[in-house]
Amino acid sequence: MALQDVCDFLQTLDESSPCTSLPNEMGCMWRTPLEFDRDSPFHFLFPPQQNSRKHKTPTVLSSTLSCLSPHQQPFQLSHGTTTLGFIFQDGVIAAADTRASCKGLICCPISQKIMPIHSHLVVNTSGSGADCMLWERILTREMRLYQLRHRRRLSVNGAAKLLSMMLHPFKGTNVCVAATLCGWDGEETQETLRSTDVTTVSAISDESALGSEKAASVNELLKDAHALSLSDQNTKNVLSTSGGRSGPRVCYVCSDGLQLKGEIISVGSGSPYAYAVLDDGWRWGMTVDEAVGLAREAVFRATHWDAYSGNNVDLFHITAHGCRRRDREDLKEEYYREREREKEKIKEREKERQKREGDELVEGEGDIYSGHCG
Amino acid sequence: MEYLIGIQGPDFVLVAADNVAASSIIQMKHDYDKMFKLSEKILLLCVGEAGDTVQFAEYIQKNVQLYKMRNGYELSPAAAANFTRKNLADYLRSRTPYHVNLLLAGFDEADGPGLYYMDHLSALAKAPFAAHGYGAFLTLSILDRYYRPDLTREEAVDLLKKCLEELNKRFILNLPSFTVRLIDKDGIHDMEKLPVGAK
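Residues numbered from 1 in each chain as written. Chains lettered and ligands numbered in written order. Predicted model: local features only at pLDDT ≥ 70, side-chain atom pairs only at ≥ 80, totals over all residues. Heavy atoms only, no water.

A. Layout of the overall build of chain B. For chain B, the count of helices and strands is 4 helices and 12 strands. On C-alpha atoms alone, chain B measures out to a radius of gyration of 16 Å, which is about the 16 Å that the 2.2 N^0.38 rule sets for 199 residues. Its C-alpha atoms give chain B principal-axis dimensions of roughly 45 × 40 × 30 Å. Pairs at least 24 apart in sequence give 60% of the contacts found in chain B among residues at least 6 apart. For chain B, the separation between the mean place of its 23 positive charges and that of its 26 negative charges on side chains is 3 Å. (Helix = DSSP H or I, 4+ residues; strand = E, 2+ residues; numbered from the N terminus. Rg over C-alpha atoms; globule rule 2.2 N^0.38 Å. Contact = heavy atoms within 4.5 Å. Lys, Arg positive; Asp, Glu negative; His and termini not counted. Charge placed at Lys NZ, Arg CZ, Asp CG, Glu CD.)

B. Seen up close, the packing of aromatic side chains. Under the defined criterion, the tally for this structure stands at 8 aromatic pairs over all chains. Ring centres of A:Tyr335 and A:Tyr336 lie 5.6 Å apart, and the angle between their planes is 55 degrees; this geometry places the pair in the tilted category. On the accessibility criterion, A:Tyr335 (30% relative accessible area) is partly exposed. Owing to a relative accessible area of 46%, A:Tyr336 belongs among the partly exposed residues under this scheme. Their ring planes at 90 degrees and their centres at 6.2 Å tell us that B:Tyr3 and B:Phe178 sit as a pair that is edge-to-face. With B:Tyr3 in the segment before strand 1 (4-8) and B:Phe178 in strand 11 (residues 178-184), the pair connects residues that are 175 residues apart, well separated along the chain. Judged by its relative accessible area of 1%, B:Tyr3 falls in the buried class. An aromatic cluster of at least three residues, connected via ring pairs, comprises B:Phe56, B:Tyr91 and B:Tyr98. Between B:Arg145 and the ring centre of B:Tyr146, over which it is positioned, the NZ or CZ distance is 5.1 Å. (Phe/Tyr/Trp six-rings, centres within 6.5 Å; stacked < 30°, edge-to-face > 60°. Buried < 20%, exposed > 50% of the residue type's maximum accessible area, 1.4 Å probe, protein only. Lys NZ or Arg CZ within 6 Å of the ring centre and 35° of its normal.)

C. Main features of the state of the cysteines. All names here are of chain A. Using the criterion set out here, one finds 0 disulfides over all chains in the structure. In this structure Cys 132 is a free cysteine whose sulfur lies 7.3 Å from that of Cys 176, the closest cysteine sulfur available. Residue classification places Cys 132 among the buried positions, given a relative accessible area of 5%. (Disulfide = S-S within 2.5 Å.)

D. Structural context of the confidence of the model for chain A. Residue and element names in this part refer to chain A. Of the residues in chain A, 61% reach a pLDDT of 70 or more, and the chain-wide mean stands at 73. Confidence drops under a pLDDT of 50 for residues 14-77, and excluding neighbours within four residues, the segment shows 60 contacts in the predicted structure. A low-confidence stretch, residues 188-243 stays under pLDDT 50, and its non-local contacts, those more than four residues away or across chains, total 63 contacts. (pLDDT = per-residue confidence, 0-100.)

Below is the structure:
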């Protein structure tokens, strides 16, 4: 039928992946949440067994080979999102867009991809939404247990190692989690106590009028700067006593086992665009305003070019005293503001050009007169 | 994508690895170290599938150190190489094989320097020079031509530089810097990162 052909209805059914994952602990084959991403948009209409009957059961050999062989496509930029995290002299910035997509559909334009784990650690997640939510909770639980048992917070690198080890048994299955852990490695119990008092994770504020939103965010930044300048002394103490073991950290953990520590990490389909902006503007000695501006710009550019990123931008700033959340900002407004700015710039350039031409004409007339008289 | 190279001299082994950690088309890190220190005089260089490399290499590393703790003396490079190969082979036909390519370089008091080549199908070969990765296609013939068993250290480093020049010239991917280490009877020595001036 015509509509069937237009949306490739039957073709997408055939393309949906077989249930190659081995039976899980429940003893039955059930579709993992990841197939949400790769299957046809109509997957929810069909019960799971139908697909597994359609395709022959994989042999042991093919499942081994599928473990050995990499992706078939030339390169696969999966994880439809843009998240980024970077460190600088005044802490860690974590930023992400808020679009959750499923193939060609935006499932949720206001999802939250940055989750606080504890007072000094947030995790940016990308990959399969359900897997990320589950693993965030598991990681939070394990971190809290560690803190209770050992009376100190686990470091960011330790948390990354823990997450990596927990994900390792699921390698080869369809678990798809790419998490960036952004946090501040703190000092001992005294610091912990002080920082839990000062934690200021503010609540989500809805889309208010642009003016008040801007004012609120400016106030937030001023508060930040003030608080940080007051607490400079404390930070210096922290850094000097620990001998370099405390400080901002950013660490990337992927479900296929990759674990990287670095200064700038960006993940997702929009990450190449974000990297371009970040590599250009990042310096260790940035101020908080510059860092926040850079992160916003990076996410904005990525959402502009990437179809799977967009809507709003979330921003967290983590220092020795905890994490601060900036109000969620709608990038549509930013886009229109930028267009206005471009128009202004073009007008100015026009004016300058006309002025220059006017000057040249005046000079030219001067010459003619002099030639006439002389 | 990734590149490892090892050159054995009369009383040393020179090894180098690239410093790029990539995820699909993005270079996520430019200063990633692919060498794992198994003991005072043994290095394991490991490339391959993303999580498998670190997981397998750390497993071997901790087991070699456990041997030392239990028995009071360290494994020789030959023993460590065979132990590694055995583990690779055991996992090969399981549900979770390790897809890694390895070079193991070490110095033994009795046997002298040794360079061992291992691949993901758990083949093991002791070789005077070896390389892994796409870059190996370009550099093995250079090593064939200029290698001699009685190379001095400077000559070995020059040979290494020749190989890396060829990579820069003909390899489609950009590998901006390489970590270089040398193992001799005094242990493992870090050498200057190549190319000179690379961050």
